[in-house]
Structure formats: structure tokens, C-alpha cells
Amino acid sequence: PGELQGVGETTCCCFTGVDAGALSPTDKGQRLRIIPGCGCETAYVKEIVEELKARQYHRGDAAKMRIAERQIEILKRIEAKVDHLIANSYKPLPPELEAMKR
């Protein structure tokens, strides 16, 4: 999937376009701008940029939620392992160490 980093409005001479980061087409390694219509569609370009930024924002939120959910599952497994270790590995201290505690 393409990254939407650096989404924004761009101008070249008098033409208004969209720079959509990695989604922009390339020519010989050079990233090209997307210029809809005849290049004078400033309102349309702004609409496109706003929509791409909104999608970028929501995509980021969704990714953060997936990461948080994974971390919660990992923590639950760790907690279960610790509980198991505590429940199954308790041994009373030898008498000489018990005496040292006093």
C-alpha cells in the first residue's frame, strides 16, 4: 500500500495540483504531481487534498488501534505466564534463609 505522507496542494507555474506522496506517479524516479482538469481546478484540488488527509488520519487511527489491541493480547499472555509461574514455582525458603530474614 502506498504511503500518504506529505499530501498537499502544489503549484507549478500557474497550474494547481496534488502531491500525494508515494501515490503520485513517477517518471524515471522523479515524482510527478497530479493535476486534475485543465490545471485551474483549485477548489477541486483542495477537496482532493482534504479527502486524502482525512483518509490518512483515519488510517493512522485504525493502525494505532490494531497496535494497541495486539499489545493488550501480548500483555494478557505475559500475565497468564507470570501467574502460572508464581502458582507452580513457589518453594518455601530453606530454614537457614528463613532465619536470616528475622
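### Considering the nonpolar core
Inference 1: Counting residues in each nonpolar core, the largest one holds six residues, listed as Val-7, Val-18, Ala-20, Val-45, Val-49 and Leu-52.
Inference 2: The contacts of Val-45, once residues within four sequence positions are left out, are Glu-9, Thr-16, Gly-17, Val-18 and Pro-36.

### Details of the pattern of salt bridges
Inference 1: For the structure shown, the criterion picks out two salt bridges.
Inference 2: Between Arg-55 and Glu-51 there is a salt bridge; the shortest N-O distance is 2.9 Å. Here Arg-55 pairs with Glu-51, and both are found in helix H1 (residues 42-89), just four residues apart, close to one helical turn.
Inference 3: Of the charged contacts in the structure, one is a salt bridge between Glu-73 and Lys-76, with a shortest N-O distance of 3.9 Å. Of the two residues, Glu-73 and Lys-76 both sit in helix H1, three residues apart, roughly one turn of that helix.
Inference 4: The partly exposed category is assigned to Glu-73, whose relative accessible area is 43%.
Inference 5: We classify Lys-76 as partly exposed; its relative accessible area is 49%.

### Some remarks on the state of the cysteines
Throughout this description, disulfide means a covalent bond between two cysteine sulfur atoms.
Inference 1: Applying the stated criterion across every chain, the model contains zero disulfides.
Inference 2: With no disulfide of its own, Cys-14 lies closest to Cys-40 among cysteine sulfurs, the gap being 5.9 Å.

Rules of the game
- Residues numbered from 1 in each chain as written.
- Predicted model: local features only at pLDDT ≥ 70, side-chain atom pairs only at ≥ 80, totals over all residues.
- Heavy atoms only, no water.
- Core = buried A, V, L, I, M, F, W, Y, C linked by side-chain atoms within 4.5 Å.
- Buried < 20%, exposed > 50% of the residue type's maximum accessible area, 1.4 Å probe, protein only.
- Contact = heavy atoms within 4.5 Å.
- Salt bridge = Lys/Arg side-chain N within 4 Å of Asp/Glu carboxyl O.
- Helix = DSSP H or I, 4+ residues; strand = E, 2+ residues; numbered from the N terminus.
- Disulfide = S-S within 2.5 Å.

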